[in-house]
Amino acid sequence: MVKFALGVLAFQGGFEKHREKLAELNVKTLLVKKQEELNSLDGLVIPGGESSTLLKLLDDDFRIRLVELFEAGLPILTTCAGTIIVANRVNSPVQESLNFINISVERNSYGRQVNSQVISNLKINVAGQKLLKTENQNIEGVFIRAPRITSIGGKVESLLEFDGDPVLVKEGNVLSATFHPELSSGVHPVISLFVEMIQKAKN
Ligand code: GLN
């Protein structure tokens, strides 16, 4: 068993699948629903679901603690709605967000063809080649009513792209995907990268 405390935000959405995937890597997770459960975590996953609902469920105390932990460098993985929650700007419709990563996103923006679709050959950018440990050049992305990242700024690196848009981005301790790595079979390189980020942060 890998020895660190990994939390998965469990108010709503696809938290169980994240837990199952991390278990495949021998990582034990804690399902986080209360502010005090955020204490002593080594990393946090903010899963997909419905971002507007998720926002309503985050009360002020929880948000304040989350912001403190983000600022202290806690490694955070977000997928789909989780990425909407942490973006700097959210459109379609405009929605408040936590400003953890310098990206703009448009909700449900891919139209019908990738409303829900498995893309088997995401483009790996130079930053992705460096960070994602994968022999396989065909990295998969499961997209479900996915947001589109319409711009990235500052120190954000784009690791993977689909159709010219970034779909996996990283800025410091925050790793954000518009797709669902936890739904691919096997252990997706995004999940492995996140576990590596946690291990590095602990050393
Ligand atoms: N469409 C959802 C939203 O806007 C995200 C979908 C997902 O997380 N799979 O919040």
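Anything mentioned here points back to the structure above.
All residue numbers refer to position in the chain's written sequence, counted from 1. Given that this is a predicted model, residues contribute local features only at a pLDDT of at least 70 and side-chain atom pairs are listed and counted only at 80 or more, while totals for whole chains, interfaces and linings are drawn from all residues. Side-chain calculation: all heavy atoms of the structure are included, whereas hydrogens and water are not.

Draft legend 1. Layout of the pattern of salt bridges. Here, a salt bridge means any Lys or Arg side-chain nitrogen found within 4 Å of an Asp or Glu carboxyl oxygen. One pass over the full model with this rule turns up ten salt bridges. Here Arg19 and Glu16 are joined by a salt bridge, their closest N and O atoms 3.5 Å apart. Taken as a pair, Arg19 and Glu16 lie in helix α1 (residues 15-24) at a separation of three residues, close to a single helical turn. Note on classification: 1.4 Å probe, protein chains only; a residue is buried when its accessible area is under 20% of the maximum for its type, exposed when over 50%, partly exposed between these limits. The class of Glu16 is partly exposed, set by a relative accessible area of 36%. Helix numbering and strand numbering both begin at the N terminus, where a helix is a DSSP run of H or I of at least 4 residues and a strand a DSSP run of E of at least 2.

Draft legend 2. Quick look at unusual backbone geometry. Following Ser92, the chain continues into Pro93 via a peptide bond in cis, with omega recorded as -10°. As for its position among the elements, Pro93 is in the loop between β5 (87-91) and β6 (101-106). Here the phi dihedral of Asn26 falls at roughly 65°; this positive angle occurs in a residue that is not glycine. Classification of Asn26 as partly exposed rests on a relative accessible area of 44%.

Draft legend 3. Looking closely at the site of the ligand. We call a residue near a molecule or strand when any one of its heavy atoms sits within 4 Å of it. All residues in the neighbourhood of the ligand are listed as Gly48, Gly49, Glu50, Ser51, Cys80, Ala81, Ile84, Arg107, Asn108, Ile144, Arg145 and His180. Polar contacts, as used here, are pairs of N or O atoms within 3.5 Å; protein pairs need one atom able to donate a hydrogen and one able to accept it. Residues neighboring in sequence count only if both atoms are side-chain atoms. Here a nitrogen atom of the ligand sits 3.0 Å away from a polar atom, N or O, in the main chain of Ile144. Note on areas: Shrake-Rupley with a 1.4 Å probe; residue coverage comes only from the protein chains shown. For the ligand, whose unbound accessible area comes to 300 Å², protein coverage reaches 98%. Amino acid classes used here: Ala, Val, Leu, Ile, Met, Phe, Trp, Tyr, Cys and Pro are nonpolar; Asp, Glu, Lys and Arg are charged; the rest, including Gly, are polar. The residue makeup of the shell around the ligand, split by class, is four nonpolar, five polar and three charged.

Draft legend 4. Representation of the sheet that holds β5. In this analysis, strands are considered paired if DSSP registers two or more bridges between them. One open sheet holds the three strands; their spatial order is β5-β6-β9, and the pairing between them is mixed. Edge positions in the sheet fall to β5 and β9 (148-152), since each of these pairs with one other strand and no more. Between one strand and the next, the sheet's axes are offset by a mean angle of 25°, whatever the strand orientation. With four bridges joining them, β5 and β6 adopt parallel strand pairing. Within β6, the residue paired with Val90 across the bridge is Val105. An axis is simply a line fitted to the C-alpha atoms; with a helix, the fit covers only the stretch in contact. Between two such axes, the angle follows the N-to-C directions and lies from 0 to 180 degrees.

Draft legend 5. Looking closely at the pairing of strand β12 (residues 174-177). Residues of β12 alternate between two faces, with Val174 and Ser176 on one and Leu175 and Ala177 on the opposite face, all of them buried. As judged from the four bridges shared by strand β4 (residues 76-79) and β12, these two strands associate in the parallel manner. Bridge pairing links Ile76 to Val174 in β12. Between strand β11 (residues 165-171) and β12, which pair antiparallel one after the other, the connecting turn spans two residues, and Gly172 there sits at a positive phi close to 55°.

Draft legend 6. Up close: helix α6 (residues 189-202). For a helix, the expected span equals 1.5 Å multiplied by the residue count minus one. Here α6 is 14 residues long and its end C-alpha atoms lie 20 Å apart, about the 20 Å a rise of 1.5 Å per residue gives. Residues Pro189, Val190, Ile191, Leu193, Phe194, Val195, Met197 and Ile198 constitute the buried set of α6.

Draft legend 7. Representation of the packing of aromatic side chains in the model. Two aromatic rings from Phe, Tyr or Trp, using only the six-membered ring of Trp, form a pair when their centres are within 6.5 Å; if the ring planes differ by under 30 degrees the pair is stacked, by over 60 it is edge-to-face, and anything between is tilted. Scanning the model with the defined rule gives six aromatic pairs in all. Their ring planes at 10° and their centres at 4.1 Å tell us that Phe70 and Phe100 sit as a pair that is stacked. Of the two residues, Phe70 sits in helix α3 (residues 60-71) while Phe100 sits in the loop between β5 and β6, which places them 30 residues apart along the sequence. Phe100 carries the same exposure label as Phe70, and that label is buried. Here Phe143 and Phe162 contribute two aromatic rings whose centre-to-centre distance is 5.8 Å and whose plane-to-plane angle is 40°, an arrangement assigned as tilted. On the criterion of sequence distance, the pair formed by Phe143 in strand β8 (residues 139-144) and Phe162 in strand β10 (residues 157-162) is long-range, its members being 19 residues apart. We note that Phe143, like Phe162, is buried. An aromatic cluster of three or more residues is present, and its members are Tyr110, Phe143, Phe162 and Phe179. Only when the NZ of Lys or the CZ of Arg is both within 6 Å of the ring centre and within 35 degrees of the ring normal is a charge said to sit over the ring. In this structure, Arg148 packs its charged tip against the face of Tyr110, placed 4.5 Å from the ring centre.

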